[in-house]
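Below, each chain spelled out in residue letters.
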Amino acid sequence: MMFRKMPGKRILFAVMLTLIGSSAANAENPDISSRRASERTEFTNDEIKDGFFKIALKAELQLDGPVDRIRKFDGPVRIFVDSKGLPDRRPEISAVVADIRSRVNHLDLAVTDDRQAANFTVMLVSERDLKQTIRARYGSRKATRIEQSLNPECLSGIGKDKLYRIQRAEVILPVDAGEFTFYDCAYEELLQALGAINDDRSIPWTMFNDDVQMGFFDVYDQYLLNALYDPRVRAGMTRAEVDRVLPEVLPAVRTWIGSVNPVRGATGGHVSDAQPATSVRSAGGTAPANGYRASAMNSSPTTTNIP
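Let me sum up the structure you'll find in this document. A quick note: this is a predicted structure, and the numbers were derived from the prediction, not measured.

About the thresholds
Residues numbered from 1 in each chain as written. Predicted model: local features only at pLDDT ≥ 70, side-chain atom pairs only at ≥ 80, totals over all residues. Heavy atoms only, no water. Core = buried A, V, L, I, M, F, W, Y, C linked by side-chain atoms within 4.5 Å. Buried < 20%, exposed > 50% of the residue type's maximum accessible area, 1.4 Å probe, protein only. Helix = DSSP H or I, 4+ residues; strand = E, 2+ residues; numbered from the N terminus. Contact = heavy atoms within 4.5 Å. Phe/Tyr/Trp six-rings, centres within 6.5 Å; stacked < 30°, edge-to-face > 60°. 1 Å grid on protein atoms, 1.4 Å probe; cavity = no way out; pocket = protein on both sides within 12 Å on 5 of 7 lines; lining within 4 Å. Points joined across faces, edges and corners; volume = space filled by probe spheres on them. Nonpolar A, V, L, I, M, F, W, Y, C, P; charged D, E, K, R; others polar.

**Structural notes on the nonpolar core**
Membership of the largest hydrophobic core comes to 67 residues, with the highest contact counts inside it found for Phe 52, Ile 100, Phe 120, Leu 173, Leu 194 and Leu 225. At 9 residues, helix 6 (residues 179-193) tops the list of elements feeding residues into this core. Among residues more than four places away in sequence, those in contact with Leu 225 are Val 104, Leu 191, Leu 194, Ala 196, Phe 208 and Phe 217. With 9 residues, the next largest nonpolar core counts Met 123, Tyr 138, Ala 143 and Ile 172 among its residues.

So this is what it looks like as structure tokens:
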């Protein structure tokens, strides 16, 4: 499950098989616009690989024991949005989902109105009902552990099978905690529930960092998600297995990223290792893998498993 804290860092922790979150808005939030304008968009292969191994293979907290494996959906992902708070953010979630789908190749992602057909649920609640929702969803014992680790602001989780294929995912988002917070939580929690499940402070240009808030789908994280959903990267792979296929995967990912980000300057060109990073840092955070992820008040997000 992943949690997010505000303002502050995010922490992602995973619990196996329990539970396993262009602008989405018409008028972009100025905090998002300023981050978008200053984001770094070109990265070396080594920088992409380093982030991929740390974010897609690891998890900050795995209650079922450490397992460094790829976790991802291997079929269509259908998202049902359960709106229980005001304002009604369903249109914004649909826009976020469409944005993610347009930027990740080989990912069949869409919103559905059929709860039974969905394998991914986004619960939209008021900020005051967040803790109650977590407690009702995950039970008193797990909720207490979550609350003791972080003061959650938003949360996501995944449930996987024995082959590390994500079978279901869940995200809980507050709708009335502020415009920037909503988008920052929405992008991060949805992407982590797709398999980018760890959080790592050593990577300064990813939203999956306790000290970084984005509010949009930045270019570096597009690299990570596109590498994850390349068909050559399969659920259950180890680091060594992924390392063998990444030299084939990254050129295709670079071509795709360049095609979907022409204005933002993401090209397929390789950048020298000596190029300085222009990272975006802010108060905010992320959370880890096969399990729950959440963001917490005055802290950051976390990951956990779906009950």
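**A word on the packing of aromatic side chains**
This structure, assessed with the given rule, holds 6 aromatic pairs. Measuring from centroid to centroid gives 4.8 Å for Phe 43 and Tyr 220, while their planes differ by 65°, and the two rings are edge-to-face. With Phe 43 in the loop between helix 1 (30-38) and helix 2 (45-56) and Tyr 220 in helix 7 (residues 219-228), the pair connects residues that are 177 residues apart, well separated along the chain. Its relative accessible area of 0% is what places Phe 43 among the buried residues. For Tyr 220, a relative accessible area of 1% gives the class buried. Taking the centre distance of 5.9 Å and the plane angle of 65° together, the rings of Trp 205 and Tyr 220 count as edge-to-face.

**With respect to the layout of surface pockets**
Estimates place the volume of the largest pocket at around 190 Å³. Around the largest pocket, the lining comprises 12 residues; the ones closest to its centre are Phe 120, Thr 121, Arg 137, Ala 169 and Glu 170. Listed by contribution, the elements that provide at least two residues to the lining of the largest pocket are strand 5 (120-125) and strand 7 (166-174). A per-class count over the lining of the largest pocket returns 5 nonpolar, 2 polar and 5 charged.

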